[in-house]
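Coordinates in review
If you want the building blocks of each chain, they are given just below.
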Amino acid sequence: MSSHPQGNHHLSNRALLWRLLQLARPHLGWMLLGALLTLITTLASIGLLAISGWFLASMAVAGLAGVTFNYFTPAGVIRFLAIVRTAGRYGERLVTHNATLKLLSELRLWCYQRLEPLAPARLQGLHSGDLLNRLQNDIDRLDSLYLRIAVPVLVAALGVPGLLWLISRYDPQLVPVLLAGLLSVGVLIPLWGQRQSKQYSQTLLRQSAALRSAQLDTLSGMRELLIYGADQRQQQHCQQLSDSLLACQSERDRISAVTQAVSLIAINLTVLAGLWWLIPQIASGARPPVELAMLTLLLLAGFELVQPLPLALELLPETLAAARRLFRLTDQPPVRPEPGIPATVPVRSDLQIRDLSFSYPATRNRPASLPVLQNLNLQLNQGDCLALIGPSGAGKSTLTQLLCGFWPIESGQMLLGSTDINQLAGDELRRQIAVVSQRPYLFSTTLEENLRMARPDASREQLDRACQQAGLLAFVQSLPDGYQTWLGEQGQGLSGGQARRLAIARALLQEAPLLILDEPTEGLDRQTEQALIKNLQPLLASRTTLLISHRPALLQLADQICILRDGKVVRQGQHQTLIQHSTYYQNLLTVFH
Ligand code: ATP
């Protein structure tokens, strides 16, 4: 699929439509076939009504006059049109829905592929509910573009001239009457309704996004809401949002009902005008009486061609807005541009950080921060363990995120072996690094699936070994379903310590040369911590480890300890050196003793 530069939200509507068309190109054949079938079905339906009118009138006239009438041909035509209409409708549904589903699944995949390299940096500031809203609703809206906008417009654009031509063959005077009716019902009245409801449509979009976010917050934060007794307030907040959404919806529905009623009046007026014109001609004998029913029904049935247009007009601005919002999200440049020719995987895993500076970019809700890292220099040799300590907010976790390529580096360099990590392909870089983050995410699936995330082809022995090393195996074996135990949302079925050990087992399973442990023993009691440290000790010997922790027991594993403050290294040395020279370190040991 094509890639486009940033700033497409400034695209004109026509350019936006063109871009959507480009995205839909692989399915254009099916889409056109669907439109053609819809046109054939609609024309068959109109023809059926008109010919039936003519046939019945002819039969009646023939009966009254007592003359014989060849009814085989028209009856055959009627049967044929009825079959075309039924089969056509079936085929049309099949083809258009097939095309839509294909288009949607492709769009979702395309969108996900574009979003993945943006996370988390470019998605920061978007509430997850808002993001979900965009991914789900905005993409769903794009499906209207074909089914409810493009097909009806195409059918009307081809069908209306055809119908007008047919009518003109019988009576050219009826052409302006029908044209005026079709224009009013298909375009003018819906546009008028749209203008009336414009403000409500925009508010509705905003309000439904706000309600969804609030509902997501309520569900995710239910525990906190109950603990702080804020559940009633949150409920009221959701209720208010829901009430205003409903009020807005009912106002929009009211306008829509008025629009529909006016359209119905316009249809009837068109038919009445036709009758008013035709009846005197028939009375005077200028026109055969059998044409009255046919032409009147043709006028009435002709509206089938424009009936879906009001919805198309209503959906068009929403769909374009959805497309614009989606492109605005996906067109952002990736956080970490992939190197043209990626470097080969470094043989060694020494980590060198040179003059690294970084500040988080400003977002809608947060002004630009002061530099989080300032000319940071660090050296971690292969097989060594470097511990990072420092007050909260010193930038320790930020450093791990930069190492994983989640944020663009402002200035400076990070070398793995002798390769700049920017020269490595993103996936390859992340294969070199196993991370136990401060808040490891556990997926709502089985324990085994959570482990296999790091290594899908891991054998049972490898799973057992990783769990053994993380001190989790006994727990897994005590579970009735073992590895197949369902963890629930965000690992709800586990204690904080078990979740952390699972995250450690997952990282160990990955067997990456560089291991980052961010507060790995947080939430573990001393005994479990000691057991884990005993297990980790031999493992760290074969890996290069960056350890973020304040726990003295864990710090003993480190070859070097580095104190970070305000994004700078303020002191570095071995345990013994720091005990003698760093008051911060001395205090830390006292506090945690
Ligand atoms: P702790 O020991 O409490 O985990 P830390 O040393 O790991 O702290 P970081 O998480 O790296 O600190 O945060 C460093 C600074 O960057 C903090 O001031 C924090 O508010 C800010 N910060 C962290 N994440 C973001 C973000 N996504 N956007 C903006 N600022 C952030």
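What follows is about the overall build of the chain. The secondary structure content of the chain amounts to 19 helices and 10 strands. In terms of principal-axis extent, the alpha carbons of the chain reach across some 120 × 50 × 45 Å. Counting all 593 residues of the chain, 45% fall into the buried class. Here the contacts in the chain between residues at least 6 apart in sequence split such that 78% fall between residues at least 24 apart. Carbon and sulfur atoms provide 58% of the accessible area of the chain, an area that totals close to 30900 Å². Counting 50 positive and 42 negative side-chain charges, the chain places the centres of these two groups 5 Å from one another.

Per the stated rule, a full pass over the model turns up five aromatic pairs. Residues Phe358 and Tyr360 carry aromatic rings whose centres are separated by 5.0 Å and whose planes lie at 80° to one another, so their mutual orientation is edge-to-face. Arranged with centres 6.0 Å apart and planes meeting at 65°, the rings of Phe358 and Trp407 form a pair that is edge-to-face. Here Phe358, found in strand β1 (residues 351-358), pairs with Trp407, found in the loop between α10 (396-403) and β4 (411-416); they are 49 residues apart in sequence, far enough to count as distant. Residue class for Phe358 comes out buried when judged on its relative accessible area of 1%. Using a relative accessible area of 4% as the deciding quantity, one classes Trp407 as buried. Ring pairing ties together the aromatic residues Phe358, Tyr360 and Trp407, which thus form one cluster. Across from the ring centre of Phe327, 3.9 Å away, lies the NZ or CZ of Arg19, which sits over that ring.

Moving on: the sheet that holds strand β9 (residues 560-565). On the basis of which strands lie adjacent, the open sheet formed by six strands has the order β6-β7-β8-β3-β9-β10 and mixed pairing. Sheet topology places β6 (433-436) and β10 (568-573) at the edges, where each strand pairs with a single neighbour. The mean inter-strand angle of the sheet, taken between neighbouring strand axes irrespective of direction, is 20°. Here five bridges tie strand β7 (residues 514-518) to strand β8 (residues 544-548), and the two strands are oriented parallel to one another. When the bridges of β8 are listed, Leu517 appears paired with Leu547. Of the strands in this sheet, β6 and β7 are in contact with helix α15 (residues 496-510), which crosses β6 at around 175°.

Right, let's talk about the nonpolar core for a bit. For soluble globular proteins, the rule of thumb is that nonpolar side chains tend to be buried together. If you look at the biggest cluster of nonpolar residues, it comprises 49 residues, and the most contacted ones within it are Leu451, Leu536 and Tyr585. Broken down by element, this core gets its largest block of residues, eight residues, from α15. If we skip the residues at most four places from it in the chain, Leu536 touches Ile504, Leu508, Leu517 and Leu557. Judged by nonpolar contacts, the second largest core, of 35 residues, contains Leu39, Leu103, Leu164 and Val306.

Time to look at the pairing of strand β3 (residues 385-389). Counting buried positions along β3 yields five of five residues, so the element is predominantly enclosed. In the sheet, β3 pairs with β8 via four bridges, with the strands oriented parallel. Looking at the pairing, Ala387 lines up with Leu547 of β8. With four bridges joining them, β3 and β9 adopt parallel strand pairing. What sits directly across from Ile389, in β9, is Ile563.

Burial analysis of α10 places six of its eight residues in the buried class, which makes it a mostly covered element. Of all the residues in α10, the buried ones are Lys396, Thr398, Leu399, Thr400, Leu402 and Leu403. Gly405 sits one or two positions beyond α10 and adopts a positive phi of about 75°.

On to the sheet that holds strand β2 (residues 373-380), then. Read across the open sheet, the four strands follow the order β2-β1-β4-β5; overall the sheet is antiparallel. Each edge of the open sheet is held by one strand with a lone partner, namely β2 and β5 (419-420). Pairing between β1 and β2: five bridges, direction antiparallel. The residue bridging Gln352 from the neighbouring strand is Gln379, located in β2. Running at roughly 110° to β1, α10 makes contact with β1, β2 and β4 of the sheet.

Take the pattern of salt bridges next. Going through the model one piece at a time under the given rule, you end up with 17 salt bridges. Across the salt bridge formed by Asp331 and Arg114, the nearest N and O atoms sit 3.9 Å from each other. Taken together, the residues Asp331 in the loop between α9 (309-330) and β1 and Arg114 in helix α3 (residues 72-115) connect sequence positions 217 residues apart. Judged by its relative accessible area of 3%, Asp331 falls in the buried class. Taking the relative accessible area as the measure of exposure, Arg114 reaches 18% and is therefore buried. The residue Glu251 makes a salt bridge to Arg254 at a minimum N-O spacing of 2.9 Å. Within this pair, Glu251 and its partner Arg254 are both found in helix α7 (residues 231-283), separated by three residues, close to a single helical turn. Judged by relative accessible area, Glu251 falls into the partly exposed class, the value being 23%. Under the relative-accessibility criterion, Arg254 is labelled partly exposed at 47%. Beyond isolated ion pairs, a larger network of salt bridges with shared partners links Arg19, Arg114 and Asp331.

What counts and how
- Residues numbered from 1 in each chain as written.
- Predicted model: local features only at pLDDT ≥ 70, side-chain atom pairs only at ≥ 80, totals over all residues.
- Heavy atoms only, no water.
- Helix = DSSP H or I, 4+ residues; strand = E, 2+ residues; numbered from the N terminus.
- Buried < 20%, exposed > 50% of the residue type's maximum accessible area, 1.4 Å probe, protein only.
- Contact = heavy atoms within 4.5 Å.
- Areas by Shrake-Rupley, 256 points an atom, 1.4 Å probe, with all protein chains shown as cover.
- Lys, Arg positive; Asp, Glu negative; His and termini not counted.
- Charge placed at Lys NZ, Arg CZ, Asp CG, Glu CD.
- Phe/Tyr/Trp six-rings, centres within 6.5 Å; stacked < 30°, edge-to-face > 60°.
- Lys NZ or Arg CZ within 6 Å of the ring centre and 35° of its normal.
- Pairing = 2+ DSSP bridges.
- Axes fitted to C-alpha atoms, helices over the stretch in contact; angles between N-to-C directions.
- Core = buried A, V, L, I, M, F, W, Y, C linked by side-chain atoms within 4.5 Å.
- Salt bridge = Lys/Arg side-chain N within 4 Å of Asp/Glu carboxyl O.

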